[in-house]
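Listed below are the residues making up each chain.
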Amino acid sequence: KKVSGSVWIDEHDREVSRMDATLDSNYHIGFGLLANVAKGSTFVFSQRLIHGEAWLPTAIEIHLQGKALLLVGLRVDIGIQFDDYRKFEAQATQEPGATVTTSPNP
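Note that the coordinates shown come from a computational prediction; the quantities given were computed from them, not determined experimentally.

1. Topic: the overall build of the chain
Then, in step 1: If you tally the helices and strands in the chain, you get zero helices and seven strands.
Then, in step 2: For a compact globule of 106 residues, the expected C-alpha radius of gyration is about 13 Å, and the chain comes in at 22 Å, more than 25% above that figure.
Then, in step 3: If one aligns the C-alpha atoms of the chain with their principal axes, the spans along those axes are about 65 × 45 × 25 Å.
Then, in step 4: Within the span of the chain, comprising 106 residues, buried residues form 16% of the whole.
Then, in step 5: In the chain, once contacts between residues fewer than 6 apart in sequence are set aside, the share between residues at least 24 apart is 29%.
Then, in step 6: By element, 55% of the accessible surface of the chain is carried by carbon and sulfur atoms, the whole surface being about 9,000 Å².
Then, in step 7: Positive and negative charge centroids in the chain, built from 10 and 13 side chains respectively, lie 13 Å apart.

2. Points about the confidence of the model for the chain
Then, in step 1: Per-residue confidence for the chain gives a mean pLDDT of 88, with 98% of residues at or over 70.
Then, in step 2: Per-element confidence in the chain is highest for strand 2 (residues 16-23), whose mean pLDDT is 95, and lowest for strand 3 (residues 27-29), whose mean pLDDT is 84.

3. Quick word on the pattern of salt bridges
Then, in step 1: Applying the stated criterion across every chain yields a total of three salt bridges.
Then, in step 2: Asp20 is the salt-bridge partner of Arg18, the closest N and O atoms lying 3.2 Å from each other.
Then, in step 3: Overall, Arg18 belongs to the partly exposed group, its relative accessible area being 33%.

Rules behind the numbers
- Residues numbered from 1 in each chain as written.
- Predicted model: local features only at pLDDT ≥ 70, side-chain atom pairs only at ≥ 80, totals over all residues.
- Heavy atoms only, no water.
- Helix = DSSP H or I, 4+ residues; strand = E, 2+ residues; numbered from the N terminus.
- Rg over C-alpha atoms; globule rule 2.2 N^0.38 Å.
- Buried < 20%, exposed > 50% of the residue type's maximum accessible area, 1.4 Å probe, protein only.
- Contact = heavy atoms within 4.5 Å.
- Areas by Shrake-Rupley, 256 points an atom, 1.4 Å probe, with all protein chains shown as cover.
- Lys, Arg positive; Asp, Glu negative; His and termini not counted.
- Charge placed at Lys NZ, Arg CZ, Asp CG, Glu CD.
- pLDDT = per-residue confidence, 0-100.
- Salt bridge = Lys/Arg side-chain N within 4 Å of Asp/Glu carboxyl O.

Shown next as structure tokens:
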């Protein structure tokens, strides 16, 4: 009820490529005693197809305004970029007579 936004879907893969969300009214944490996130705060998440194989995050942006503990005014701007994805390969062989051991759960 307190959030509105948009979602972009990739037509070919039917995956979410971007999500935007904005708070339409103040959001109270702990009845407003612990924190109060102000109306208009935003969250953006985007992802894309990496190496033609997997949809992975490319960016997250968070812009918050509010108060903590009823006294401290906050303004938080966080931007995270994911851009150094690398592909790793590993090989395994199965040898005849090998046994699998498991440890008992505590």
